[in-house]
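# Report on the structure
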Amino acid sequence: KENPSIASAHGPFTTMHHFMGLACIAENAAPVFVPYALYKLQQLRYSKLSLVLDGVSARRGSWVLSPGLQRGFLLGRLNLSALARQKTYPGLFDREAENKCQHASICGPRRLFWSQRRQHEDGYIENLWPRSYWQDFCKQCSQTLEEQWEEGRIKVWEELPKAFELPGWEQLRRETFDSV
């Protein structure tokens, strides 16, 4: 299995053009890379919906996502945000967690701050941040949030293809490597 930390490594890919190209090439040549490429497109704050739908210019033509990948990208944004609330950051969005805290007057406002900080302007929530820091919370909440974050990242990585309405990792691996 892949480690979620790979999703935080850009390697030579740094722009929307790179990830659009990777997604387009991978769709037919190496499907196992498509979830990663779509995920990275989600992360780019300057990712404009019009570019995802219309494509981007490249040196030798342009990169345009297939209708299936466009659909996956759009639904993936919603699905990834739901996964963030449920698996990666449940302690930030769950009012029950706040009620269980013995230092709610301290941790409550911090939960609100961090839950807002994790969201993009459109409500999208990043799931696989390279590292989260919870030292602003009481010891109990800090430990709980850290454990949820670590476990959640692994779960989200396992479910990443399905967030984009793609087959699971095993099927994508077969499609990629059985054709070689």
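Being a predicted model, the structure only gives us computed values, none of them experimental.

The rules behind these values
Residues numbered from 1 in each chain as written. Predicted model: local features only at pLDDT ≥ 70, side-chain atom pairs only at ≥ 80, totals over all residues. Heavy atoms only, no water. Phe/Tyr/Trp six-rings, centres within 6.5 Å; stacked < 30°, edge-to-face > 60°. Helix = DSSP H or I, 4+ residues; strand = E, 2+ residues; numbered from the N terminus. Buried < 20%, exposed > 50% of the residue type's maximum accessible area, 1.4 Å probe, protein only. Lys NZ or Arg CZ within 6 Å of the ring centre and 35° of its normal. Patch = residues over 30% accessible without salt bridge, like charges linked within 9 Å, V, L, I, M, F, W, Y side chains within 5 Å. Areas by Shrake-Rupley, 256 points an atom, 1.4 Å probe, with all protein chains shown as cover. Salt bridge = Lys/Arg side-chain N within 4 Å of Asp/Glu carboxyl O. Core = buried A, V, L, I, M, F, W, Y, C linked by side-chain atoms within 4.5 Å. Contact = heavy atoms within 4.5 Å. Disulfide = S-S within 2.5 Å.

### Describing the packing of aromatic side chains
The tally for this structure, following the rule as stated, stands at five aromatic pairs. Taking the centre distance of 6.1 Å and the plane angle of 65° together, the rings of W114 and W134 count as edge-to-face. A residue pair is termed long-range when its members are at least 10 positions apart, and W114 in helix α7 (residues 104-117) and W134 in the loop between α7 and α8 (139-163) qualify at 20 residues. Take W114 and W134: they sit in the same class, and that class is buried. Across the ring face of F93, the terminal group of R85 is positioned such that the distance to the ring centre comes to 5.2 Å.

### A short note on a nonpolar patch on the surface
Together, L49, L53 and L74 line one region of the surface with nonpolar side chains, adding up to about 230 Å² of accessible area. Residue position: L49 is located in helix α3 (residues 49-54). In this structure L49 comes out as partly exposed when scored by relative accessible area, which is 45%.

### Points about the nonpolar core
Across soluble globular proteins, nonpolar side chains have a tendency to be buried as a group. Judged by nonpolar contacts, the single largest core of 29 residues is most densely connected at L38, Y39, L65, L69, L80, L160 and F164. Mapped onto this core, the elements with two or more residues apiece are α1 (16-29), α2 (34-43), α4 (67-88), α8 and α9 (169-177). Take this core: its biggest share by element is six residues, from α2. In contact with L160, not counting residues within four places along its chain, are P35, Y36, Y39, L80 and W169.

### Quick notes on the environment of E147
Mapped onto the fold, E147 is located in helix α8. Separated by 59 residues in the primary sequence, E147 and T88 place their C-alpha atoms 9.3 Å from one another.

### A few points about the pattern of salt bridges
On inspection of all chains with the given rule, the structure shows three salt bridges. Two residues, R71 and E165, come together in a salt bridge whose shortest N-O distance is 3.1 Å. In this pair, R71 is assigned in helix α4 and E165 in the loop between α8 and α9, connecting sequence segments 94 residues apart. A salt bridge links K87 to E159, with the nearest nitrogen and oxygen atoms 3.6 Å apart. Note that K87 is positioned in helix α4 and E159 in helix α8, a separation of 72 residues in sequence. Under the relative-accessibility criterion, E159 is labelled partly exposed at 29%.

### Thoughts on the state of the cysteines
Summed over all chains, the structure comprises zero disulfides. With no disulfide of its own, C138 lies 3.6 Å from the sulfur of C141, the closest cysteine sulfur. For C138, a relative accessible area of 13% gives the class buried.

That is the geometry; function is a separate question.
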